[in-house]
Amino acid sequence: MIKIKVKNSGVVKLQMFRDKDGDGDLFIAEATRNIPFKIKRVFFINNPKIKNSVRGNHAHKKYNQVIFCASGSFFLNLDDGRTKQRIFMDDPSIGIILGPKLWHTMTDLSENCNILVLADDFYRKDDYLRNYEEFLKYINKRKKHA
Ligand code: TYD
């Protein structure tokens, strides 16, 4: 089992049904049951065309998300501004919670990789912190006023 060391994260485990005839595996995510919020948006990333592909590279101010590796593999690199953690993602039943103020980067996507993300809100450009210095300033500002 993955031990989460960074803040604003966690592990979600999906129920899996393996077809007895080898016809494939079925995974179930249910909002407010094993996913800790109501899902408003789903997006996925696949078909990487280069070897050293990098996705993410940002943090969110408010969003909660859960990220899965639906197929293939990738590395999920987490950074809460103090602690960093690198997780190898290759098990579709394991989701990692990407809470607010958690810098995340997905690297080394395998050719057949499919990154699935469930989010608790619609897309809003202004929820993104895309500059690492800006991210550090944002979390430190928040700490002082907390
Ligand atoms: P981007 O955030 O750069 O992808 P990632 O961080 O996963 O590497 O998103 C790429 C483009 O897609 C960017 O122009 C914003 C747009 N986008 C939406 O319009 N809606 C969405 O829900 C997401 C995730 C991205």
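Use the structure listed above.
Reference entry: report on the structure contained in this document. (Residues numbered from 1 in each chain as written. Predicted model: local features only at pLDDT ≥ 70, side-chain atom pairs only at ≥ 80, totals over all residues. Heavy atoms only, no water.)

### What about the environment of Leu118?
Note the threshold: Helical segments are the DSSP runs of H or I of at least four residues, strand segments are the runs of E of at least two, and each set is numbered from the N terminus. When checking whether two residues touch, look at their non-hydrogen atoms; a contact exists if any pair is within 4.5 Å.
Within the element layout of this structure, Leu118 appears in strand E11 (residues 114–119). C-alpha of Leu118 to C-alpha of Ser53: the two residues are 65 residues apart in sequence and 21 Å apart in space. Once residues lying within four places of it in the same chain are set aside, the contact partners of Leu118 are Ala29, Ile35, Phe37, Ile39, Arg41, Val42, Asn64, Gln65, Val66 and Phe68.

### Observations regarding the nonpolar core
As a reminder, the rule being used: Each nonpolar core is a collection of buried residues, namely Ala, Val, Leu, Ile, Met, Phe, Trp, Tyr and Cys, held together in the definition by side-chain atoms within 4.5 Å. Here's how the labels work: a residue is buried when its accessible area is under 20% of the maximum for its type, exposed when over 50%, partly exposed in between, all with a 1.4 Å probe on protein chains only.
Membership of the largest hydrophobic core comes to 18 residues, with the highest contact counts inside it found for Ile67, Phe74, Leu76, Leu78, Ile96, Met106 and Ile115. Residues contacting Ile67, with those up to four places away along its chain left out, are Phe74, Leu76, Met89, Ile94, Gly95, Ile96, Leu98, Met106, Ile115, Leu116 and Val117. Counting residues in each nonpolar core, the second largest holds eight residues, with Leu14, Ile35, Phe37 and Val66 among its members.

### Observations concerning the sheet that holds strand E8 (residues 84–89)
This is how the line gets drawn: When DSSP finds two or more bridges between two strands, those strands count as paired.
Strand order in this open sheet of five strands is E8-E7-E10-E5-E12, and the pairing throughout is antiparallel. Edge positions in the sheet fall to E8 and strand E12 (128–129), since each of these pairs with one other strand and no more. Looking at chain direction, strand E5 (residues 54–60) and strand E10 (residues 103–107) are connected through four bridges and run antiparallel. When the bridges of E10 are listed, Arg55 appears paired with Met106.

### Notes on the site of the ligand
Worth spelling out the cut-off: Note on terminology: near, applied to a residue and a molecule or strand, indicates that one of the residue's heavy atoms is within 4 Å of it. Under this definition, polar contacts are N or O atom pairs within 3.5 Å; protein pairs additionally need one hydrogen-donor-capable and one acceptor-capable atom, and for neighbouring residues in sequence, both atoms have to be side-chain atoms. All accessible areas in this document rest on Shrake-Rupley with a 1.4 Å probe, and a residue is counted as covered only by the protein chains that are shown. Here the nonpolar group is Ala, Val, Leu, Ile, Met, Phe, Trp, Tyr, Cys and Pro; Asp, Glu, Lys and Arg are the charged ones; every other residue, Gly included, is treated as polar.
In the vicinity of the ligand, the residues found are Arg41, Phe43, Ile45, Arg55, Gly56, His58, Tyr123, Tyr128 and Arg130. Here an oxygen atom of the ligand sits 2.7 Å away from a polar atom, N or O, in the side chain of Arg55. Between the ligand and Arg130 there is a distance of 2.8 Å, counted from an oxygen atom to a side-chain nitrogen or oxygen. Contact with the protein chains hides 60% of the accessible area of the ligand, taken as 530 Å² for the molecule alone. Contributions of two or more residues to the shell around the ligand are made by strand E4 (41–46) and E5. Its residues placed into classes, the shell around the ligand shows four nonpolar, two polar and three charged.

### Some remarks on the state of the cysteines
Short version of the rule: Any two cysteine sulfur atoms within 2.5 Å of one another count as a disulfide.
Summed over all chains, the structure comprises zero disulfides. Take Cys69: it sits in no disulfide, and the sulfur closest to it among the cysteines is that of Cys113, at 4.7 Å.

### Focus: the layout of surface pockets
To keep things clear, this is the line we draw: Think of a 1 Å grid over just the protein atoms. A cavity is a set of points where a 1.4 Å probe fits yet cannot get out, a pocket is an open set with protein on both sides within 12 Å along at least five of seven lines, and lining residues have an atom within 4 Å of a point. Grid points are joined across faces, edges and corners, and a volume is the space filled by probe spheres set on the points.
By volume, the largest pocket is sized at about 210 Å³. With four residues, the top contributor of residues to the lining of the largest pocket is E5. Its residues assigned to classes, the lining of the largest pocket shows seven nonpolar, five polar and three charged.

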